[in-house]
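A look at the structure
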Amino acid sequence: MAERPRLAVVGAGPAGLAAALTAAARGVQVVLVDAADQAGGQFYRQPAAALGARRPRALHHQWRTWERLRAGLERHREAGRITALTDHHVWCVARDPASGAFGVHALRGPAQDEGTVVRADAVLLATGGYERVLPFPGWTLPGVVTAGGAQAMLKGGLVLPGRTAVVAGTGPLLLPVATGLAAAGARVAALVESAGPAALLRRAPALAAQPGKLAEGAGYAARLLRHGVRVLPRSAVVAAHGTGRLDAVTVAALDRDGTLRPGGTRRIRCDTLAVGHGMLPHTDLAETLGCTLSGTSVRVDAEQRTDVPGVWAAGEATGVGGAALALAEGHIAGGSAAARLHGTATDPRRWAAAARARTRLREFATALDAVYAPPAGWADRVPDDTVVCRCEEVTAGEVRGAVELLGAGDLRTVKLLSRAGMGWCQGRMCAPAVAGLTGCPLTAGRRPLARPVPLGVLAGLPDTNAGLPDTDPGLPDTDPGLPVTDTGRAMADAGHPVTDTGLPSADAGPPETGVDRPDTDGDRLGPDTKRPGADPVPPETD
Amino acid sequence: MVGAACALYAARAGLDVRVVDRGPVAGGTTGAGEGNLLVSDKEPGPELELALLSARLWAELAEEPGTAMEYEPKGGLVVASTPGALAALRDFTAGQRTAGVTAVPVGADRLRELEPHLAPGMAGGVHYPQDAQVMPALAAARLLRASGARTHLGHTVTGVLRTADGTVYGVRTDRGDIHAPAVVNAAGTWGGELAALAGVRLPVLPRRGFVLVTEPLPRMIRHKVYAADYVADVASDSAALRTSPVVEGTAAGPVLIGATRERVGFDRSLSLPAVRALAAGAIALFPFLERIRALRTYAGFRPYLPDHLPAIGPDPRAPGLFHACGHEGAGIGLAPGTGRLIAQALTGGAPELDPVPFRPERFDTDGGDAR
Ligand SMILES: Cc1cc2nc3c(=O)[nH]c(=O)nc-3n(C[C@H](O)[C@H](O)[C@H](O)COP(=O)(O)OP(=O)(O)OC[C@H]3O[C@@H](n4cnc5c(N)ncnc54)[C@H](O)[C@@H]3O)c2cc1C
Ligand SMILES: Cc1cc2nc3c(=O)[nH]c(=O)nc-3n(C[C@H](O)[C@H](O)[C@H](O)COP(=O)(O)OP(=O)(O)OC[C@H]3O[C@@H](n4cnc5c(N)ncnc54)[C@H](O)[C@@H]3O)c2cc1C
């Protein structure tokens, strides 16, 4: 190619943005592809309002970082060095073994039913992660959402002041969610965290090595106090109650070993429950490309390269550790990709500072992981009649039976014998729960289709290895621009014909709504996970 | 699947059965394929006879308590898009009928009574009421349980125990030896490797297939539907039917589309040309599918032997060793018949079918793989 080498970056969160800017600054033509309607990823998707008027220093600092990234992106876009494709849901990245070229296949359009492909010389996967939610009786009631779902409610301005929320589960993400809800005017009745203060203390050395992080934590603590949020450490929500909709939760105190403390339960009234048990990496695209995983993360070397030639990975996809870590990894990955694409030697000195930050932040993340593990024995407390897989309505009892009665031995055979994980979300939501219930190791599922793809799009692919047409289609000339507001997008979409399939519209309709985007990310808990698109508004708004 | 069926019929013949598998139940090809129980796609010959026997046995098994395995005797519908293809299909069915297959011609005007969403303009078709369906993983798990056999899951066979005169007396596993006067090789695609452990050759090779699974839908497709296209094989002057993927609705809602056939070894990576072909074939039959989404796709490796027939029965080269593998794209459908033949061979009973075409040693004696 006479032109500049082309790098496709999938995911425009902190990792993807940092990578794109670094690579573009070093003479690489970057195509930044993201499913969301704006760049920013999970973290920068936070509405400014959630940060409050009097931002703690740490948050303020992050906001400034975001503004810098956004300005950089604008600059490179104007100079034609970065093409940003928002609203592009990548369903597969394929590599042509003969030429080494990549086909990045995405769905776009309001119904995500138009196929499009971008040709690239190298690919950088910065697909982030998704939330882990573990089941308990009542978790499928309307009013129960994931922590990320609560975040989306905030974004859409859907939290009406006067709502009463409980935030529960485990992990550092619960703090920003609780403060965000409180700042938006909801009454946060309690923050229920299964880890205890002692566990945090045990990891003190690794945590103390991160003064910025501790300051961030302290900032949240102060804000919780200011909003009068009661924090209940070493406790868990063991049941959600309500007929037709959430009206209360039962919170139980846990013993040091994670078991329920006798007599330690209380009932808290609330109409919203935000639950989360940490994040898991998105690895579908990497797995299909043949990248080796380690555990549930994409394995990378010191330069953030995967073991497939031409494929880099950065951020949460390679292990969960927060926005700062994602930025550092993205920076390194972008630098390495640029050097390799230009055929020059990589010079790790160029990213030495980022590499040091990466080491420190990974240690910090490992320490946090150990603190914020789901409480021991949680799986034994899930009664047989609790639904575990919502898409297929499979209960805990059926999942246990697949192993105990039918001889399943891993997540795949549990799925085959119980249908848990066969539905719309393809097990993204229930796999961790199924693993816990059955004792099978949690492995990254094999999902060659990272998104549901219309058969018409598959049938229309060029008949080549990577699904690339014989001549380079070039880059789509419609760079929708950044940032795009929701209204702007809706208007652009209005003229788009939605063709009739002869099916009830609920069946053929768009799989996702504009409000709460990635169903497949599993960050919505409403009853409509089974039929995405059937309900244009998350149930929390009713 | 095949091992579970062998265990069931052997146990029912009064034998004490142990089942050893290095993985979980249905962890091999059985968990990676589809559960079509077809007679429609088979030409007259030994495979069709085994399929017809198996079809009867499947219907019996489905009646038994404790065997819920999504058995559906829904019937197949083979359609021809051109008059030429229809003529070839009719010739093909004439032969099948003499072998005992029920094949009912369906005129162009009646096709959409059977399948309301079928593409218009088809020349005609044939309805096969004997075609049926099971969910393979469930079927294997249920039959295994019904057999009452002791299972050793997660145990890998690392050797076949043989006396000085070559007689087989058990297997060595990574977790100890299991002694038995008879060993059945039901290792599917890995059957050749297992045979090699006993010192005999069985050329089983993998043949990859992809399946596409759609989002759940209300029932829109009632039968197993596939297209028969006429292909003249000029060289041999014989006519063969080329078939497109089988499209069918399932009780659980998704439409299954499968499967492709490729010889590419054990390469599991996604083949876009394969899923493209599946999608295109399915849309040609049911245009409404164009807008329907595929939720997942997966690949499995069919165990095939050079003459496309399974190896079933005792191996004279290693007394005490029996084979039940190499069923290629029909191992689910052919499993009960295979189990019955194996049980009869183990107990010295009279075989229900002529076992000669399935002899495991045929590749050594009949001119090897060239056959
Ligand atoms: C509720 C919540 C609160 C948080 N609070 C904090 C905090 O206070 N401090 C902190 O340090 N961290 C926080 N985090 C974590 C932080 O958001 C992440 O660490 C960070 O965003 C990871 O960056 P990333 O670039 O790896 O992934 P992400 O930010 O998740 O970005 C990934 C991007 O990839 C896109 N994508 C994924 N798959 C596809 C696909 N197939 N096709 C197209 N696009 C795709 C997604 O749309 C997304 O934009 C929080 C997270 C959550 C969920
Ligand atoms: C895409 C696709 C679609 C298909 N569709 C159909 C269909 O519609 N209808 C149909 O009838 N057939 C279909 N088939 C074919 C069918 O799946 C196979 O023929 C059948 O599953 C073979 O069953 P099996 O029991 O012989 O092999 P498997 O299910 O592979 O069982 C063999 C077992 O042996 C075990 N094993 C191997 N080596 C060892 C060892 N050394 N020690 C211990 N255990 C060992 C393995 O772990 C495995 O569990 C399809 C196949 C594919 C790939």
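Residues numbered from 1 in each chain as written. Chains lettered and ligands numbered in written order. Predicted model: local features only at pLDDT ≥ 70, side-chain atom pairs only at ≥ 80, totals over all residues. Heavy atoms only, no water.

As a further point, take the side chain of Gln133(B). All names here are of chain B. In this structure, Gln133 sits in strand E6 (residues 132-133). Taking relative accessible area as the criterion, Gln133 reaches 7% and is therefore assigned buried. A polar side-chain atom of Gln133 sits 2.4 Å from a polar atom in the side chain of Lys224. Not counting chain neighbours up to four residues away, the residues in contact with Gln133 comprise Gly35, Asn36, Leu37, Glu70, Tyr71, Glu72, Lys74, Lys224 and Glu248. (Helix = DSSP H or I, 4+ residues; strand = E, 2+ residues; numbered from the N terminus. Buried < 20%, exposed > 50% of the residue type's maximum accessible area, 1.4 Å probe, protein only. Polar contact = N/O pair within 3.5 Å; in protein donor to acceptor, adjacent residues only side chain to side chain. Contact = heavy atoms within 4.5 Å.)

Residues and elements named next belong to chain B. Asp21, Thr30, Asn36, Glu328 and Gly333 are the nearest of the 32 residues found near ligand 2. In this structure, Arg22 approaches ligand 2 through a main-chain N or O atom, which is 3.0 Å from a nitrogen atom. The separation between an oxygen atom of ligand 2 and a polar main-chain atom of Gly331 is 3.0 Å. Protein coverage of the free-state accessible area of ligand 2, which is 1000 Å², stands at 94%. With 4 residues, strand E17 (residues 293-304) is the largest single contributor of residues to the shell around ligand 2. A per-class count over the shell around ligand 2 returns 13 nonpolar, 14 polar and 5 charged. A domain-level breakdown of the shell around ligand 2 finds at least three residues from each of domain 1 (2-68 + 136-204 + 307-363) and domain 2 (76-129 + 205-304). (Near = heavy atom within 4 Å. Areas by Shrake-Rupley, 256 points an atom, 1.4 Å probe, with all protein chains shown as cover. Nonpolar A, V, L, I, M, F, W, Y, C, P; charged D, E, K, R; others polar. Domains from an automatic or database assignment.)

A few words on the sheet that holds strand E13 (residues 235-241) of chain A. Residues and elements named next belong to chain A. The strand order across the open sheet formed by 3 strands is E13-E14-E15, and the pairing between neighbours is antiparallel. For this open sheet the edge positions go to E13 and strand E15 (260-269), each flanked by a neighbour on one side alone. On average, adjacent strands in this sheet sit at an angle of 25° to one another, irrespective of strand direction. In the sheet, E13 pairs with strand E14 (residues 248-254) via 6 bridges, with the strands oriented antiparallel. Following the sheet pairing, Ala240 is matched in E14 by Val249. (Pairing = 2+ DSSP bridges. Axes fitted to C-alpha atoms, helices over the stretch in contact; angles between N-to-C directions.)

Residue and element names in this part refer to chain B. When cut into domains, chain B gives domain 1 (2-68 + 136-204 + 307-363) and domain 2 (76-129 + 205-304). Summing both partners gives a buried area of about 2100 Å² for domain 1 against domain 2, and 61% of it is carried by carbon and sulfur. The tally of links between domain 1 and domain 2 comes to 2 salt bridges. For Glu328, the salt bridge identified is with Arg261, shortest N-O distance 3.4 Å. Our count for the domain 1 to domain 2 interface comes out at 12 residue pairs in polar contact (both at pLDDT 80 or more). (Buried area = accessible area lost by both parts, 1.4 Å probe. Salt bridge = Lys/Arg side-chain N within 4 Å of Asp/Glu carboxyl O.)

Next up on the list: the packing of helix H2 (residues 46-63) of chain B against helix H8 (residues 335-347) of chain B. Residues and elements named next belong to chain B. At a minimum axis separation of 7 Å, H2 and H8 run at an interaxial angle of 100°. When the interaxial angle is binned, H2 and H8 end up roughly perpendicular. Counted together, Leu50, Leu53, Ser54, Leu57, Trp58 and Leu61 of H2 and Ala335, Pro336, Gly337, Thr338, Arg340 and Leu341 of H8 form the full contact between these two elements. Here the contact of H2 with H8 is built from residues that sort into 8 nonpolar, 3 polar and 1 charged. (Parallel < 35°, antiparallel > 145°, perpendicular 65-115°, else oblique.)

Our focus in this paragraph is the interface of chain B and chain A. Listed as interface residues are 43 residues of chain B and, on the opposing side, 48 residues of chain A. When residues of chain B are sorted by the area they lose upon contact with chain A, Leu272(B), Arg291(B) and Arg293(B) head the list and together hold 20% of the total. Between chain B and chain A we count 2 salt bridges in total. Salt-bridge contacts for Asp113(A) lead to Arg291(B); the nearest nitrogen and oxygen are separated by 2.9 Å. Our count for the contact surface shared by chain B and chain A stands at 13 residue pairs in polar contact (both at pLDDT 80 or more). Of all the secondary-structure elements, those providing two or more residues to the side of chain B that touches chain A are helix H5 (136-147), strand E12 (205-216), strand E16 (254-258), helix H7 (272-285) and E17 of chain B. Here the side of chain B that touches chain A is built from residues that sort into 29 nonpolar, 5 polar and 9 charged. Examined bridge by bridge, strand E23 (residues 453-454) of chain A and E17(B) share 2 bridges and lie antiparallel to one another.

This paragraph deals with the nonpolar core. Val166(A), Val237(A), Val249(A), Leu273(A) and Trp58(B) are the most contacted members of the largest nonpolar core, which has 112 residues in total. When we break this core down by domain, the ones giving at least three residues each are domain 1 (2-68 + 136-204 + 307-363) and domain 2 (76-129 + 205-304) of chain B. Beyond its immediate stretch of four places on either side in the chain, Val249(A) contacts Val166(A), Val237(A), Ala239(A), Ala240(A), His241(A), Arg266(A), Arg267(A), Ile268(A), Cys270(A) and Leu273(A). Judged by nonpolar contacts, the second largest core, of 47 residues, contains Leu449(A), Leu114(B), Ile257(B) and Leu278(B). (Core = buried A, V, L, I, M, F, W, Y, C linked by side-chain atoms within 4.5 Å.)

With that settled, the discussion passes to the site of ligand 1. Residue and element names in this part refer to chain A. Around ligand 1 sit 30 residues in total, of which Ala15, Asp34, Gln42, Val90 and Glu316 are the nearest. At a separation of 3.2 Å, an oxygen atom of ligand 1 approaches a polar backbone atom of Pro14. Measuring from an oxygen atom of ligand 1, one finds a side-chain N or O atom of Asp34 at 2.6 Å. Taken by itself ligand 1 offers 990 Å² of open surface, and the protein chains cover 96% of this. Its residues assigned to classes, the shell around ligand 1 shows 13 nonpolar, 11 polar and 6 charged.

This part takes up the sheet that holds strand E10 (residues 176-179) of chain B. Residue and element names in this part refer to chain B. Strand order in the open sheet formed by 3 strands is E8-E9-E10, with antiparallel pairing between adjacent strands. Two strands close off the open sheet at either side, each with one partner strand: strand E8 (157-162) and E10. For this sheet, the mean inter-axis angle between neighbouring strands, taken without regard to orientation, is 25°. Strand direction decides the pairing type here: E8 and strand E9 (residues 168-173), joined by 5 bridges, are antiparallel. The residue bridging Gly159 from the neighbouring strand is Arg172, located in E9.

The next subject is the packing of aromatic side chains. Residue and element names in this part refer to chain B. All told, the structure shown has 3 aromatic pairs over all chains when counted by the stated rule. An angle of 75° between the planes, with centres 6.3 Å apart, marks the rings of Phe286 and Phe288 as edge-to-face. Each member of the pair, Phe286 as well as Phe288, is classed as buried. Aromatic ring contacts, followed pair by pair, group Trp190, Phe266 and Phe301 into a single cluster. Of note, Arg22 hangs over the ring of Trp190, and the distance from its end group to the ring centre comes to 5.1 Å. If you follow Arg207 out to its NZ or CZ, it ends over the ring of Tyr304, 5.9 Å from the centre. (Phe/Tyr/Trp six-rings, centres within 6.5 Å; stacked < 30°, edge-to-face > 60°. Lys NZ or Arg CZ within 6 Å of the ring centre and 35° of its normal.)

Scanning the entire structure with this criterion turns up 34 salt bridges over all chains. The partner of Arg108(A) in a salt bridge is Glu114(A), and the shortest N-O contact between them spans 3.5 Å. Glu114(A) gets classed as partly exposed once you look at its relative accessible area, which sits at 25%. Among the salt bridges present, the one from Asp267(B) reaches Arg208(B), with a minimum N-O distance of 4.0 Å. Remark: Arg208(B) occurs in strand E12 and Asp267(B) occurs in the loop between E16 and H7; sequence separation between them is 59 residues. Since its relative accessible area comes to 4%, Arg208(B) is described here as buried. Shared partners join several salt bridges into a network, and the residues in it are Asp301(A), Glu303(A), Arg305(A) and Arg340(A).

All names here are of chain B. When pLDDT is averaged along chain B, the result is 92; 94% of the residues meet or exceed 70. Considering only residues more than four positions removed or in separate chains, one finds that residues 232-239, a stretch of pLDDT under 50, has 4 contacts. Overall fold confidence for the complex sits at a pTM of 0.89, while the interface term, ipTM, reaches 0.92. (pLDDT = per-residue confidence, 0-100.)

Summarising the element assignment, Glu361(B) is placed in the loop between H8 and helix H9 (362-365). On the basis of relative accessibility, which here comes to 12%, the residue Glu361(B) falls in the buried class.

The subject of this paragraph is helix H13 (residues 396-404) of chain A. Among the residues of H13(A), those classed as buried are Ala396(A), Val399(A), Arg400(A), Gly401(A) and Ala402(A). Along its buried surface, H13(A) packs onto strand E21 (387-389), strand E22 (394-395), helix H14 (411-418) and helix H15 (431-438) of chain A.

Turning our eyes to something else, we now look at the pairing of strand E11 (residues 187-193) of chain A. Residues and elements named next belong to chain A. Along E11, 6 of the 7 residues are buried, which leaves the element largely enclosed by surrounding structure. Of the pairings in the sheet, the one linking strand E10 (residues 164-170) to E11 comprises 6 bridges and is parallel in character. Bridge assignment links Ala165 to a residue of E11, and that residue is Val188. Pairing analysis gives 2 bridges linking E11 to strand E12 (residues 231-232), with the strands arranged parallel. Opposite Leu191, over in E12, you have Val231 as the bridge partner.

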